[in-house]
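If you want the building blocks of each chain, they are given just below.
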Amino acid sequence: MRSWSERPREVAYLLNPGFCSLLLWSAASGYKKTDSDGLPFALSFLILPVVLHKSTREALPRSINSNFPEWIQKNDGVRLQFPERARVMSSITREGMLFGSQYGQFAIDSEGRIDPSPKPRSLAKYLKTATEEVRHCETRAEFLGRWFATAGDPATIMTLWGVRP
């Protein structure tokens, strides 16, 4: 990973650890609303490649009642280049996880599940002034967390995306 001063400005804005940790926190919060055990650590590596890729984010269903295996089969285009995108973004996900952990947004328990903190006031304030696309990323991350909580075993979810745990 290159230092921040060596990264293109657009990359630094989109993939900065603060923004990425917000998306990971939103996904973990959504998951926790549906499954009190918390988001499995392995699934956190799917959040950013789905949510930050506009066409994939926009293809997500509207309801968590959508059957995940059926949806991914009908939308097989979302898997195009997904394994490579997930691999490339794994270091960005780790940076976001470290940032969020250091600033108390979430903790990782002994079973490898992400436990989000209560919604910080600064987050609500940030989202009020954020662009529509940033708010859309955040709401889709929260949705993805809730959907993954109903979609089945983490290994199966990852396999359907074409990646390994």
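One can find the structure itself at the top, above this paragraph.
Residues numbered from 1 in each chain as written. Predicted model: local features only at pLDDT ≥ 70, side-chain atom pairs only at ≥ 80, totals over all residues. Heavy atoms only, no water.

### Some thoughts on the overall build of the protein chain
The test is simple: Here a strand is any run of E in DSSP of at least two residues, a helix any run of H or I of at least four, and the numbering for each starts at the N terminus. Two things to know: the radius of gyration comes from C-alpha atoms, and the globule rule equals 2.2 Å times the number of residues to the power 0.38. Categorising residues by exposure relies on relative accessible area from a 1.4 Å probe, with only protein chains included: less than 20% of the type maximum marks a residue as buried, more than 50% marks it as exposed, and the intermediate range marks it as partly exposed.
Secondary structure assignment for the protein chain yields nine helices and three strands. The helix and strand sequence of the protein chain, counted from the amino end, reads α-α-β-α-α-α-α-β-β-α-α-α. Here the C-alpha atoms of the protein chain give a radius of gyration of 15 Å, agreeing with the 15 Å that 2.2 N^0.38 yields for 165 residues. Considering only C-alpha atoms, the protein chain reaches an extent of 40 × 35 × 30 Å along its principal axes. Counting over 165 residues, the protein chain shows a buried share of 45%.

### A short note on the layout of surface pockets
Condition: A 1.4 Å probe that fits but cannot get out identifies a cavity on a 1 Å grid over protein atoms alone, an open set with protein on both sides within 12 Å along at least five of seven lines counts as a pocket, and a residue lines either if it has an atom within 4 Å of a point. Grid points are joined across faces, edges and corners, and a volume is the space filled by probe spheres set on the points. When residues are grouped by polarity, Ala, Val, Leu, Ile, Met, Phe, Trp, Tyr, Cys and Pro land in nonpolar, Asp, Glu, Lys and Arg in charged, and all others, Gly among them, in polar.
By volume, the largest pocket amounts to about 200 Å³. If you trace the largest pocket, you find it lined by Ala42, Phe45, Pro83, Ala86, Arg87, Ser90, Met158, Gly162, Val163, Arg164 and Pro165. Counting residues per element, the lining of the largest pocket draws most heavily on helix 6 (residues 82-102), at four residues. Within the lining of the largest pocket, the residues separate by chemical class into seven nonpolar, two polar and two charged.

### Things to note about the side chain of Gln105
Definition in use: Residues are treated as being in contact if the distance between any of their heavy atoms lies within 4.5 Å.
Along the chain, the position of Gln105 falls in the loop between helix 6 and strand 2 (106-108). Relative accessible area serves as the criterion here: at 16%, Gln105 is assigned to the buried category. In this structure, Gln105 is in contact with Ser21, Leu22, Trp25, Phe99, Gly100, Asp115, Pro116 and Ser117, ignoring residues within four places of it in sequence.

### Here's the deal with the sheet that holds strand 1 (residues 39-40)
Note the threshold: Following DSSP output, two strands are said to pair if at least two bridges run between them. An axis is simply a line fitted to the C-alpha atoms; with a helix, the fit covers only the stretch in contact. Between two such axes, the angle follows the N-to-C directions and lies from 0 to 180 degrees.
Spatially, 1-3-2 is the arrangement adopted by the three strands of the open sheet, whose pairing is antiparallel. Since the sheet does not close on itself, it has two edges, and those belong to strand 1 and strand 2, each with one partner. Bridge count between strand 1 and strand 3 (residues 113-116): two bridges; the pairing is antiparallel. Residue pairing across strands places Pro40 opposite Arg113, the latter belonging to strand 3. Strands in contact with helix 2 (residues 17-34) are strand 1, strand 2 and strand 3; relative to strand 3, the strand with the most contacts, it is inclined by about 95°.

### Some remarks on the pattern of salt bridges
One side chain can pair with another of opposite charge once the charged atoms of both are near each other. Spelled out, the test is: The salt bridge definition used is simple: a Lys or Arg side-chain nitrogen within 4 Å of an Asp or Glu carboxyl oxygen.
With the rule as written, the count across this model stands at six salt bridges. The closest approach of N and O atoms between Lys33 and Glu142, which form a salt bridge, is 3.0 Å. With Lys33 in helix 2 and Glu142 in helix 8 (residues 132-151), this pair connects stretches of sequence that are 109 residues apart. Lys33 sits in the exposed class, given a relative accessible area of 61%. Between Glu132 and Arg135 there is a salt bridge, with the nearest N and O atoms lying 2.9 Å from each other. With Glu132 and Arg135 both in helix 8 and three residues apart, the pair spans about one turn of that helix. In this structure Arg135 comes out as partly exposed when scored by relative accessible area, which is 29%. Several salt bridges converge on common partners, so that one network encompasses Lys33, Glu142 and Arg146.

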